[in-house]
Amino acid sequence: MTTQIPIELLNDAFNVFRDASRKLEQQYSLLETRIEELNAEIAEKNRAIERTRRLAAMGEMAARIAHEIRNPLGSMAIFATLLERELTDEPDKAKLAEHISKGIKTLDNLLSNMLLFAGAPEAKLKPVDLKDIVDDAILLAGDRGKAGVEIRAAYRGQKRIMADPNLIRQLFLNLIINALDAVEEEGRIAISADTGTEDNSVVIRVSDNGRGIPREQVERVFDPFFSTKERGTGLGLAIVSAVVDAHTGRLDVESEPGRGTTFTISLPAGREYLA
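Residues numbered from 1 in each chain as written. Predicted model: local features only at pLDDT ≥ 70, side-chain atom pairs only at ≥ 80, totals over all residues. Heavy atoms only, no water.

Student: Looking at this model, I keep getting lost on the overall build of the protein chain. Mind explaining?
Tutor: Along the backbone of the protein chain there are five helices and seven strands. Residues classed as buried in the protein chain amount to 33% of the 275 residues present. Carbon and sulfur atoms provide 54% of the accessible area of the protein chain, an area that totals close to 18000 Å². (Helix = DSSP H or I, 4+ residues; strand = E, 2+ residues; numbered from the N terminus. Buried < 20%, exposed > 50% of the residue type's maximum accessible area, 1.4 Å probe, protein only. Areas by Shrake-Rupley, 256 points an atom, 1.4 Å probe, with all protein chains shown as cover.)

Here's what the structure looks like:
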C-alpha cells in the first residue's frame, strides 16, 4: 500500500528548503563581502607599514645627514660673526656678512626641525625662564627681511616654569618664524605667557596680524609636510605640535583670513610643575 504525501506538506518543505537556501546564499554573500573588506584592510595596513618603514629609514638617514651638516655649519656661524665684527667700518660688506649669518640661522633651524621630526621628542623637565627663552627665540628668528615688524612679549605670574628648555625654545622659534612669514612689513606679533590661571596651567599665546590661514586649511596646519607657503617644509608647526605633546599639553589655533592668527598652548602646571 503506497502512502501519498499531502501536496501541502511537500510545498511547506520546499518553502522551508528555499528559505534556508536563500538565507545561506545571503550569509555567503555577506561573508564574501566581509572577506573582501578584510583583504582590503590588510592590504592598506601592509601599505601603511611599508610607508612607516620607509619613513623611519628616511628619518634615520635625515638625522645622520643633519648631524654631519651641523658641524661645519657651526664653524660657518662663528666665522660669519667674526667677519661682521671685522667689517664694522665697511657697512656694505658687513651687510653681506649679516645675510650669511641669517642664512646659517635658517639652515640651523631647519636642521633642528629635521632632527626633532626624525625622533619623537621627549621632554626633559627643568626650571626654565620663559623670558630668556622667548628673547633667545626672537633673536634667532631675526626679522626675516620684514622691516619694522613689532614683536611684544608680556608675562603674567611666574616666569620660571618646569619645561624642556631646548624644546620650548624650538617651539617659540617656529611660532615666531611662522608669524614673521605671515605678516607684512610694519606687522605686529604679540607673545604672552600666563602662569596665573585658575587651574595653575601655563597658557602661551602667539598672535600676529598677518594674512591668516584659509578656513579649509586650519585643521591641516599641524600635519607634517603640509605648508601654505611656497617654499615651506611643513615641519615647523608639526614640531610645535610634537613639543606640546611631549609636555602633555594642548594646542589650539584660531585664524581669520586677512586679519591674523593666534596659537594657544596650554601646559600642565600643578605644584610639581611650577618652579
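Student: Is there a simple way to think about helix H5 (residues 236-246) in this case?
Tutor: Given 3.6 residues to a turn, an α-helix orients residues that are three or four positions apart in the same direction. Leu237, Ala238, Ile239, Val240, Ser241, Val243 and Val244 are the residues of H5 that are buried. Thr248, located one to two residues past H5, shows a positive phi value of around 50 degrees.

Student: What is the right way to read the sheet that holds strand S5 (residues 202-208) from this model?
Tutor: Sheet strands pair via backbone hydrogen bonds, and the direction of the pair is either parallel or antiparallel. On the basis of which strands lie adjacent, the open sheet formed by five strands has the order S2-S4-S5-S7-S6 and mixed pairing. Each of the sheet's edge strands pairs with one partner strand only, and the pair in question is strand S2 (150-156) and strand S6 (250-256). Direction aside, neighbouring strands of the sheet carry axes that sit 10 degrees apart on average. Of the strand pairs in this sheet, S2 and strand S4 (residues 188-194) are connected by seven bridges, and their pairing is parallel. Considered in S4, the bridge of Arg156 is made with Asp194. Strands in contact with helix H3 (residues 130-141) are S2, S4 and S5; relative to S2, the strand with the most contacts, it is inclined by about 170 degrees. (Pairing = 2+ DSSP bridges. Axes fitted to C-alpha atoms, helices over the stretch in contact; angles between N-to-C directions. Contact = heavy atoms within 4.5 Å.)

Student: Can you walk me through the side chain of Ser241 in this structure?
Tutor: If you trace the backbone, Ser241 turns up in helix H5. Overall, Ser241 belongs to the buried group, its relative accessible area being 18%. Excluding residues that lie within four positions of it along the chain, Ser241 makes contacts with Phe222 and Leu251.

Student: When you look at the packing of aromatic side chains in this model, what are you seeing that I'm missing?
Tutor: Two numbers describe a pair of aromatic rings. These are the distance of the centres and the angle of the planes. According to the stated counting rule, one finds one aromatic pair in the structure shown. With a centroid separation of 6.1 Å and 70 degrees between ring planes, the pair formed by Phe222 and Phe263 is classed as edge-to-face. Taken as a pair, Phe222 in the loop between S5 and H5 and Phe263 in strand S7 (residues 260-267) lie far apart in primary sequence, 41 residues in all. Here Phe222 matches Phe263 in class, with each residue buried. (Phe/Tyr/Trp six-rings, centres within 6.5 Å; stacked < 30°, edge-to-face > 60°.)

Student: Can you walk me through the packing of helix H4 (residues 165-182) against H5 in this structure?
Tutor: When two helices pack together, their arrangement is given by the angle between the helix axes and by the axis-to-axis distance. Across the interface, H4 lies against H5 with an axial gap of 9 Å and an inter-helix angle of 145 degrees. Where H4 crosses over H5, the handedness of that crossing is left-handed. Listed contacts from H5 to Leu167, Ile168, Gln170, Leu171, Asn174, Leu175 and Asn178 of H4 are Gly236, Leu237, Ile239, Val240, Val243, Val244 and Ala246. Here the contact of H4 with H5 is built from residues that sort into ten nonpolar, four polar and no charged. (Left-handed = near helix turned anticlockwise from the far one by under 90°. Nonpolar A, V, L, I, M, F, W, Y, C, P; charged D, E, K, R; others polar.)

Student: Sorry, what's going on with the side chain of His247 here?
Tutor: Summarising the element assignment, His247 is placed in the loop between H5 and S6. A polar contact is formed between the side chain of His247 and the backbone oxygen of Val243, at a distance of 2.9 Å. (Polar contact = N/O pair within 3.5 Å; in protein donor to acceptor, adjacent residues only side chain to side chain.)

Student: So what exactly am I meant to see when it comes to the packing of H3 against H4 here?
Tutor: Here H3 crosses H4 at 45 degrees, and the two axes come no closer than 8 Å. By the criterion of interaxial angle, the relationship of H3 to H4 is oblique. Our pair here, H3 against H4, has a crossing hand that is right-handed. Contacts from Leu130, Ile133, Val134, Asp136, Ala137, Ile138, Leu140 and Ala141 in H3 reach Pro165, Ile168, Arg169, Phe172, Leu173, Ile176, Ile177 and Leu180 in H4. Of the residues belonging to the contact of H3 with H4, the class tally is 14 nonpolar, no polar and two charged. (Parallel < 35°, antiparallel > 145°, perpendicular 65-115°, else oblique.)

Student: How should I be thinking about the pattern of salt bridges in this particular structure?
Tutor: Here the idea is simple: oppositely charged side chains can pair when their charged atoms come close. One pass over the structure, following the stated rule, counts eleven salt bridges. Across the pair Arg34 and Glu41 runs a salt bridge whose closest N-O atoms are separated by 3.8 Å. Taking relative accessible area as the criterion, Glu41 reaches 36% and is therefore assigned partly exposed. Linking Lys131 and Asp135 is a salt bridge whose minimum nitrogen-to-oxygen distance equals 3.0 Å. Within this pair, Lys131 and its partner Asp135 are both found in helix H3, separated by four residues, close to a single helical turn. Residue Lys131 is classed as partly exposed on the basis of its relative accessible area of 36%. Relative accessible area serves as the criterion here: at 35%, Asp135 is assigned to the partly exposed category. A single salt-bridge network, built from bridges that share partners, covers Arg34, Glu37 and Glu41. (Salt bridge = Lys/Arg side-chain N within 4 Å of Asp/Glu carboxyl O.)

Student: Help me out: how do you make sense of H4 in this one?
Tutor: Here H4 contains 18 residues, and its C-alpha end-to-end distance of 26 Å stays within 8% of the 26 Å for a straight helix at 1.5 Å per residue. Extensive coverage of H4 is indicated by the burial of 16 of its 18 residues. For H4, the side-chain oxygen to backbone nitrogen distance between the N-cap and Asn166 is 3.1 Å, and the N-cap itself is Asp164. (Expected span 1.5 Å × (residues − 1).)

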